Amino acid sequence: MTLLALDGCDVFYGKAQALHRVSMEIEAGEVVSLIGRNGAGKSTILKTLIGLNFATRGRRLWKGGDVTALRADQLGRLGIAYVPEDRRIFANLSVEENLRIATVMGRRGAWNAGRVYDLFPVLRERAAQPGDTLSGGEQQMLAISRGLLTNPEVLLLDEPTEGLAPLIVDQLVEAMRLVNVEGMALLLVEQNLRVPMKLAHRQYVIDHGTIRWSGTTAELQANRGEIEKLISV
Ligand code: ATP
């Protein structure tokens, strides 16, 4: 079943067109990657999916129904969560308080604070520490945890591994794999192929606001040279 989709979307910032007829979809239980260089339009697609950007043409679909007119908060209640690139941790609140806010705001479901602490044990050790005392990797773990605690059906992650050390990236990849194995669909935005090749079932490559290529991870591997050119800076 298709959970979330864009169908032929155009998005503008003022007079500048950022997306051109973008169509893409995320199936239940899938990990999908959206790959492209700086400024290609990846964040714009995420923001269009979650209702922060408005498409002047095209539709947003949830489980086949037209949800183009819904606001971000209404889409969140349907089961769409978003982990922004800047993480938006509450700097002066503790890890535990950051998690409690997400629990209160979110839907009921299998994810609770105990389970996210099991997924990221370092957060349990840091439970009483203010958000701004965490390392970059720990802040990303907290941001993902907050997304999980809203118990979405699909979690959208904007460059979750950017700027992090390889060991931390491996931990995050393993955690995202576990989350997906338990049934949550993931949409992962990345600038390179490293994490998408490890984690995603299907991939979209975007350049200049247009989907330039899509296919399975095995197909991407077979066309790797061509794809590298589309995303290299
Ligand atoms: P990055 O990897 O840098 O996050 P991206 O692929 O996510 O890049 P977008 O942030 O979606 O790219 O940007 C797509 C285009 O839209 C770029 O040309 C960018 O300059 C422009 N853009 C993005 N946000 C705005 C905005 N709020 N106002 C005007 N132009 C914007």
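Before reading further, recall that the structure is shown in the block above.
Here the structure is a predicted model, which is why all the values come from computation and not from measurement.

Participant: Help me get a handle on the overall build of the protein chain, residues and values and all.
Facilitator: In terms of helices and strands, the protein chain carries 10 helices and 10 strands. Rg of the C-alpha trace for the protein chain: 17 Å, near the compact-globule value of 17 Å for 233 residues, within the 12% margin. Taken along its principal axes, the extent of the C-alpha atoms in the protein chain is 45 × 40 × 35 Å. Considering the protein chain as a whole, with its 233 residues, one finds that 50% of them fall into the buried category. Of the roughly 10,600 Å² of accessible surface on the protein chain, 52% is carried by carbon and sulfur atoms. Distance between charge centres in the protein chain, computed from 27 positive and 27 negative side chains, equals 4 Å.

Participant: Before we move on, can you summarise the sheet that holds strand S8 (residues 185-190) with the specific residues and values?
Facilitator: In a beta sheet, neighbouring strands are held together by backbone hydrogen bonds and run either parallel or antiparallel to one another. The strand order S6-S7-S8-S3-S9-S10 describes an open sheet built from 6 strands, whose pairing is mixed. Both edges of this open sheet fall to strand S6 (80-83) and strand S10 (210-216), since each of them pairs with a single strand only. Here the strands of the sheet are splayed against their neighbours by 15 degrees on average, with no regard to which way each runs. By the bridge criterion, 5 bridges tie strand S7 (residues 154-158) to S8 in an arrangement that is parallel. Looking across to S8, one finds that Val154 is bridged to Ala185.

Participant: With reference to specific residues and values, describe the packing of aromatic side chains.
Facilitator: One pass over the structure, following the stated rule, counts 0 aromatic pairs. Here the guanidinium or amino end of Arg115 rests over the ring plane of Trp111, the centre of that ring lying 4.1 Å away.

Participant: Which residues make up the pairing of S10, and what values do they have?
Facilitator: Note: strand S9 (residues 202-207) against S10, 6 bridges, orientation antiparallel. Note that in S10 the partner of Val205 across the bridge is Trp213. Counted between consecutive antiparallel strands, the loop separating S9 from S10 contains 2 residues, among which His208 sits at a positive phi close to 50 degrees.

Participant: For the pattern of salt bridges, give the residues involved together with the corresponding values.
Facilitator: Counting across every chain of the model gives 15 salt bridges. Residue Arg126 pairs with Glu138 through a salt bridge whose shortest N-O separation is 3.0 Å. Here Arg126 is found in the loop between helix H5 (121-125) and helix H6 (136-149), whereas its partner Glu138 is found in helix H6, with 12 residues between them in sequence. Given the relative accessible area of 22%, Arg126 is considered partly exposed. Taking relative accessible area as the criterion, Glu138 reaches 10% and is therefore assigned buried.

Participant: Please give an account of unusual backbone geometry that cites residues and values.
Facilitator: The phi torsion at Arg21 lies on the positive side, around 45 degrees, for a residue other than glycine. The topology assignment puts Arg21 in strand S2 (residues 16-27). Positive phi values are uncommon outside glycine, yet Asn151 reaches one of about 50 degrees. Tracing the sequence through the fold places Asn151 in the loop between H6 and S7. Given a relative accessible area of 7%, Asn151 falls into the buried group.

Participant: For the pairing of strand S3 (residues 31-35), give the residues involved together with the corresponding values.
Facilitator: Most of S3 is tucked away: 5 of the 5 residues are buried. In this structure, S3 lies alongside S8, joined through 5 bridges in parallel fashion. Residue pairing in the sheet places Leu34 in a bridge with Val189 of S8.

Participant: Could you give an account of the side chain of Ser94, naming the residues involved and the relevant values?
Facilitator: Relative to the elements of secondary structure, Ser94 occurs in the loop between S6 and helix H3 (95-105). The class for Ser94 is buried, based on a relative accessible area of 10%. If near-sequence neighbours (up to four positions away) are discounted, Ser94 is found in contact with Ala127, Ala128, Gln129 and Pro130.

How each quantity is defined
Residues numbered from 1 in each chain as written. Predicted model: local features only at pLDDT ≥ 70, side-chain atom pairs only at ≥ 80, totals over all residues. Heavy atoms only, no water. Helix = DSSP H or I, 4+ residues; strand = E, 2+ residues; numbered from the N terminus. Rg over C-alpha atoms; globule rule 2.2 N^0.38 Å. Buried < 20%, exposed > 50% of the residue type's maximum accessible area, 1.4 Å probe, protein only. Areas by Shrake-Rupley, 256 points an atom, 1.4 Å probe, with all protein chains shown as cover. Lys, Arg positive; Asp, Glu negative; His and termini not counted. Charge placed at Lys NZ, Arg CZ, Asp CG, Glu CD. Pairing = 2+ DSSP bridges. Axes fitted to C-alpha atoms, helices over the stretch in contact; angles between N-to-C directions. Phe/Tyr/Trp six-rings, centres within 6.5 Å; stacked < 30°, edge-to-face > 60°. Lys NZ or Arg CZ within 6 Å of the ring centre and 35° of its normal. Salt bridge = Lys/Arg side-chain N within 4 Å of Asp/Glu carboxyl O. Contact = heavy atoms within 4.5 Å.

Worth remembering: the numbers are spatial, not functional.
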